[in-house]
Amino acid sequence: MPNFEPIVGRYFTIYVDGQPCRIYVEEAGDGIPLVCLHTAGSDARQYRHLLCDETITKNFRVIAFDMPWHGKSNPPPGFRDNEYRLTTELYKETVMTFCNAYDLVNPVIMGCSMGGRLTLHLALEQAEYFRCVIALEGADKLEPYYDLSWLHRPDVHGGEVCAAFVSAQIAPQSPDEYRWETLWHYMQGGPGIFKGDLYFYWHDGDFDDRSPRINTKNCPVYLLSGEYDSSCTPERTIDTAERITGAKTTIMEGMGHFPMSENPELFKKFIYPVLEEIRGA
Amino acid sequence: MVLNKLKDRVNGNKSLTERGKWVNLSFTFGVDNDDYLISIKNGKIIQIQKRNLATESGIFAIRAAKSTWKEHWRCIPKRDFHDIWSMLPKQLIRLDGDLLPLIQNLQFFKDLIASLRDGKD
């Protein structure tokens with residue numbers, strides 16, 4: 001038999017906004033449920049190193065799924081007739097429907113980039129349900145700095161341009177192997193999906209007006225951001241932390257926007273203490 | 001001039017020139033107040049010349065301060081200087097002209113310019 005990785009992948013269908021969505025999910029480990037949300041325009045393959053890390057999976061049941069339209073999850077039937085655009089409501093409904101379908105009890109939720117932003121929304125609105133939230137590269141407010149229409153037009157290759165845009169978000173120190181694996185995921189995204197996700201991350205999902213209402217005594221908040229992140233910069237992360245009383249902040253030196261996939265070894269240094277603290281709480 | 005090395009480094013990089021094999025254009029590369037025209041044929045640099053006349057122009061322009069390029073070309077640049085697209089939000093770089101061919105071949109142009117990074121010999 002081959003030397004299988006411990007990851008098990010399965011499909012199931014959830015209903016979001018009244019539409020059936022066939023979801024692909026991977027999981028590994030036992031213990032405290034740890035739901036992982038991928039970045040805009042990518043998929044749950046970003047979490048493969050966590051899913052294979054025994055130090056984590058001996059205490060956590062790591063669950064990473066592809067959002068509808070992403071990775072191996074299908075878009076809803078009739079997708080051809082609709083432009084994909086991720087709204088805050090749709091994103092929240094998708095994640096909560098997923099968690100409820102899984103019957104998870106008091107899970108931890110960790111998301112990166114747009115996933116990190118969403119965990120802040122959930123820390124406020126689902127404080128009783130989630131044990132805590134971990135926002136990787138997940139400031140509550142960003143400033144757009146390029147025209148999103150470049151990401152989806154017939155005279156520009158969508159996969160190439162998405163990867164070329166986000167390659168700026170990877171730290172120069174990150175190993176080439178993992179840099180290009182991270183970019184490969186972007187090269188494989190569906191047409192217009194990264195653009196549709198950024199509608200949430202850059203516009204609809206702004207949360208700086210509500211983040212001060214998060215009660216970290218009910219739902220602790222961990223913010224971890226990479227030094228080389230050009231969108232969720234260290235400064236924006238610190239600004240976010242100042243709005244959320246009790247949030248715990250880590251600036252990850254030598255890291256970019258994709259800590260779990262661009263430099264999995266270095267990420268351990270930052271995520272292990274957080275998970276250890278959660279386990280001991 | 002540091003750009004003297006650019007032609008050899010780019011044209012000696014087979015992977016880069018292969019990825020740029022559809023690129024045939026001249027673009028303007030600005031260093032402080034000086035503009036240079038970099039002409040590319042089938043992914044290879046055929047000429048780099050200082051812009052002397054206003055009528056000499058590339059299809060698009062990428063301009064930054066000399067100190068910005070110097071930092072960009074360090075082996076491990078400081079954050080914000082490590083990639084042209086990370087310079088954008090900090091307004092360390094200015095783009096002008098018809099950006100379509102730049103965007104269509106963005107990773108190629110990023111890698112072409114970064115060819116001058118220390119340690120790339």
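Higher on the page you've got the structure.
Quantities reported herein were computed from a predicted structural model and do not represent experimental measurements.

(A) Representation of the overall build of chain B. Regarding its fold elements, chain B presents six helices and five strands. Sequence-ordered secondary structure for chain B, helices as α and strands as β, is α-α-β-β-β-β-α-α-β-α-α. Rg of the C-alpha trace for chain B: 13 Å, near the compact-globule value of 14 Å for 121 residues, within the 12% margin. Reported as C-alpha extents along the three principal axes, the dimensions of chain B are approximately 35 × 30 × 30 Å. Here chain B holds 121 residues, and 51% of them are scored as buried. For chain B, the proportion of contacts with a sequence separation of at least 24, taken over those separated by at least 6, is 60%. Split by element, the accessible area of chain B, about 6,200 Å² in all, is 47% carbon and sulfur. Side chains of chain B carry 21 positive and 14 negative charges; the gap between the two charge centres is 3 Å.

(B) Examining the sheet that holds strand β6 (residues 132-136) of chain A more closely. Residue and element names in this part refer to chain A. Spatially, β1-β2-β4-β3-β5-β6-β7-β8 is the arrangement adopted by the eight strands of the open sheet, whose pairing is mixed. Every interior strand has two partners, whereas the edge strands, β1 (8-16) and β8 (248-252), have only one. Within this sheet the neighbouring strands show an average axis-to-axis angle of 20°, counted without direction. Contacts from helix α3 (residues 88-102) reach β1, β2 (19-28), β3 (32-37), β4 (60-65) and β5 (108-112) within the one sheet, and its direction differs from that of β1 by about 120°. Running at roughly 170° to β6, helix α10 (residues 264-280) makes contact with β3, β4, β5, β6, β7 (221-226) and β8 of the sheet.

(C) Quick look at unusual backbone geometry. If you check the backbone angles, Asn106(A) has positive phi at about 50° while not being a glycine. Residue class for Asn106(A) comes out partly exposed when judged on its relative accessible area of 30%. Here Gln91(B), not a glycine, exhibits a phi torsion of approximately 55°, which is positive. Mapped onto the elements of the fold, Gln91(B) is located in the loop between α4 (84-87) and β5 (93-97).

(D) Representation of α10(A). Residues and elements named next belong to chain A. The terminal C-alpha atoms of α10, which comprises 17 residues, lie 23 Å apart, in line with the 24 Å expected from a rise of 1.5 Å per residue. Along its length, α10 reaches its greatest deviation from straightness, about 35°, at phenylalanine 270, and the proline proline 273 lies no more than four positions downstream. Looking only at α10, the buried set comprises Pro264, Phe267, Phe270, Ile271, Val274, Leu275 and Ile278.

(E) Just the packing of aromatic side chains, in detail. Applying the stated criterion to the full structure yields 23 aromatic pairs over all chains. Residues Phe27(B) and Phe60(B) carry aromatic rings whose centres are separated by 5.2 Å and whose planes lie at 15° to one another, so their mutual orientation is stacked. Highlighted residues: Phe27(B) in strand β1 (residues 25-31) and Phe60(B) in strand β4 (residues 60-64), separated in sequence by 33 residues. On the basis of an interplanar angle of 80° and a centroid distance of 5.3 Å, the ring pair of Phe27(B) and Phe109(B) is categorised as edge-to-face. Of the two residues, Phe27(B) sits in strand β1 while Phe109(B) sits in helix α6 (residues 106-114), which places them 82 residues apart along the sequence. Each member of the pair Phe27(B) and Phe109(B) is classed as buried. Aromatic ring contacts, followed pair by pair, group Tyr145(A), Tyr146(A), Phe165(A), Trp202(A) and Trp85(B) into a single cluster.

Rules used throughout
Residues numbered from 1 in each chain as written. Chains lettered and ligands numbered in written order. Predicted model: local features only at pLDDT ≥ 70, side-chain atom pairs only at ≥ 80, totals over all residues. Heavy atoms only, no water. Helix = DSSP H or I, 4+ residues; strand = E, 2+ residues; numbered from the N terminus. Rg over C-alpha atoms; globule rule 2.2 N^0.38 Å. Buried < 20%, exposed > 50% of the residue type's maximum accessible area, 1.4 Å probe, protein only. Contact = heavy atoms within 4.5 Å. Areas by Shrake-Rupley, 256 points an atom, 1.4 Å probe, with all protein chains shown as cover. Lys, Arg positive; Asp, Glu negative; His and termini not counted. Charge placed at Lys NZ, Arg CZ, Asp CG, Glu CD. Pairing = 2+ DSSP bridges. Axes fitted to C-alpha atoms, helices over the stretch in contact; angles between N-to-C directions. Expected span 1.5 Å × (residues − 1). Bend = angle between axes of the 7 residues up to and from the residue. Phe/Tyr/Trp six-rings, centres within 6.5 Å; stacked < 30°, edge-to-face > 60°.

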